[in-house]
Amino acid sequence: MSTVNGAAPRPGFFARVWGFVVELWGVLVRPSSVFGLGVLVMAGFVAGVIFWGGFNTALELTNTEKFCTSCHEMRDNVLAELKSTIHFSNRSGVRASCPDCHVPHNWTDKIARKMQASKEVWGKIFGTINTREKFVDHRLELALHEWARFKANDSLECRNCHSSESMDITKQSPRASVAHQRFLFTGEKTCIDCHKGIAHQLPDMRGVPGWQ
Amino acid sequence: MIRKTAILLLAAALVAGAGSLTAQTLNSGLRGPAPLNEEGAAAPMAPNKNTAEREVRNYPEQPPVIPHSIDGYQIDLNGNKCLSCHARARTAESQAPMVSITHFMDRDGQFLASVSPRRFFCTECHVPQSTATPPVSNNFVDVDTLLSRAAPGGRR
C-alpha cells in the first residue's frame, strides 16, 4: 500500500509531461537572475559554434565514398560498376567519388538533396533494393531520377569539374570537338543528354530518347 | 669397350651442348632480348586511333573498322551505345555513317524495321584500331593491285 490516505492521486503520464512543459516555458521566458547578459550571449555563441560545427561535420561524414558504400546495395552494385570507368581510375589520378556527382556542392542545394535522401534511408530500412534482382528491377527508375536531376540543374555536378569555358576543343578528338561545338557550346544539350552510362551500367534503354 | 666410350662421348657432347644453349640468348624481333626461359616485360599498350576519318576497306565485304575509341561503350541486352549515333534515326544529329541496310535483314533475307538481333553486337565484326606498329608486317595485296599485276598497264 504505497498511497497514503489524504494525498492526491499521482497524475497520469500526459498530465505530468504537460506540467513539465509549462514549468520549462516559465523558466525560459523569465529573465535570468543568476547569469549576466554577457555570459548568456557568450554561452549562446559558443554553443552555436559547437552545434553548427558538429552539424556540418556530421553532414560531411555522410558525404563520403566510405559512407555511401557502407551499404551493400551501393558497394555491390554501383560502386563495383564505377571501378572500371575513367571516373574511378585514370591517367591523372583524380577520382570522382559518389558525392562528387550525386550531391550538389552548394550548401543549400546539398541540404535539399540530403532531405530527399531520407527516402533512400526508408528504402534501406525496408530493403527496397537489397538484392541484385531487386536492384536491377529498379534500375531504370533510379537512373531516370538521376537523369532528370542532371537535366534540371544543367548537369551541375559534371560542371563542377568539367566546364565548357575551360574546355580546350583542340585537344579533343575530332568527333568530340565537333559534337561539343554543335551541342554543348550552343546550349542545345547538356552533358547528361549524351553522356549517359559513363559511370554505371545502363538500365534497359528502350524508350529512352536517343537510344534504341 | 668402344661402345662404352661412344656413349660417354655422346653424353659429354650433350652436356656441353645443353650448357651452351642455356647460355645463349635468342634475340629475335618478336621476343626482344628476353631469354627463352623467361617471359620478358610486356610491351606498353598503344592507344587506339581516335579520329572520325573512314579507313579504306581491303575488300568489298570487309566490315569497316572503327576509327575512333570505344572505351566504355556498353553493348548488351540493355542498350547499344554505338547505335545512339549510328542508328538510322540518329545519323542526322550525329553525322555518323548509318549501319548498313544488310544489318536490318534477318537470316531469311527479310528486312526488319531496325537492326536485326543477329547483327546487334557491333564488335563481333567491327573493331577499333590500335596505333601500335605490328611486329610482323602484312603483305596483303588487294584485288585491284592483283589484277593490274596480271595485266601490265592496268585493267579495269
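Residues numbered from 1 in each chain as written. Chains lettered and ligands numbered in written order. Predicted model: local features only at pLDDT ≥ 70, side-chain atom pairs only at ≥ 80, totals over all residues.

A count of helical and extended segments in chain A gives 11 helices and zero strands. Taken from the N to the C terminus, the helices and strands of chain A come in the order α-α-α-α-α-α-α-α-α-α-α. In terms of overall size, chain A is more extended than a compact globule, its C-alpha atoms giving a radius of gyration of 27 Å where 212 residues would be expected to give roughly 17 Å. Projected onto the principal axes, the alpha-carbon positions of chain A cover approximately 95 × 45 × 30 Å. The buried share among the 212 residues of chain A stands at 8%. A separation of at least 24 residues holds for 61% of the contacts in chain A among residues at least 6 apart in sequence. (Helix = DSSP H or I, 4+ residues; strand = E, 2+ residues; numbered from the N terminus. Rg over C-alpha atoms; globule rule 2.2 N^0.38 Å. Buried ≥ 20, exposed ≤ 12 C-beta atoms within 10 Å, placed from the backbone. Contact = placed C-beta atoms within 7 Å.)

A few words now on the overall build of chain B. Within chain B one finds four helices and zero strands. In chain B, the succession of α and β elements from N to C terminus is α-α-α-α. Counting the 156 residues in chain B, one finds 7% classified as buried. The contacts of chain B with a sequence gap of at least 6 include a subset with a gap of at least 24, amounting to 40%.

Turning our eyes to something else, we now look at the confidence of the model for chain B. Residue and element names in this part refer to chain B. Taken as a whole, chain B shows an average pLDDT of 85; of its residues, 87% reach a score of 70 or greater. At the level of individual helices and strands, chain B shows its lowest average pLDDT in helix α1 (residues 2-23), which scores 70, and its highest in helix α2 (residues 83-86), which scores 94. Both scores are given for the predicted complex: the pTM is 0.76, the ipTM 0.74. (pLDDT = per-residue confidence, 0-100.)

With that settled, the discussion passes to helix α8 (residues 132-152) of chain A. Over its 21 residues, α8(A) extends 29 Å from the first C-alpha to the last, a length consistent with the 30 Å expected when each residue adds 1.5 Å. The largest bend in α8(A) comes to about 50°, at A:His138. (Expected span 1.5 Å × (residues − 1). Bend = angle between axes of the 7 residues up to and from the residue.)

Structurally, the position occupied by A:Lys124 is in helix α7 (residues 118-126). In this structure A:Lys124 comes out as partly exposed when scored by C-beta crowding, with 14 C-beta atoms within 10 Å.

What follows covers unusual backbone geometry. Its identity is not glycine, yet A:Asp154 carries a phi of approximately 55°, on the positive side. Within the element layout of this structure, A:Asp154 appears in the loop between α8 and α9 (156-159). Of note in the backbone geometry, B:Gln95 takes a positive phi value of approximately 60° without being a glycine. Secondary-structure assignment places B:Gln95 in the loop between α3 (91-94) and α4 (143-150). Residue class for B:Gln95 comes out partly exposed when judged on the 13 C-beta atoms lying within 10 Å of it.

Moving on: helix α2 (residues 37-61) of chain A. Compared with an ideal rise of 1.5 Å per residue, which puts 25 residues at 36 Å, α2(A) spans 36 Å between its outermost C-alpha atoms and is within 8% of the ideal. The buried fraction of α2(A) amounts to zero of the 25 residues, a small share that puts the element mostly on the outside.

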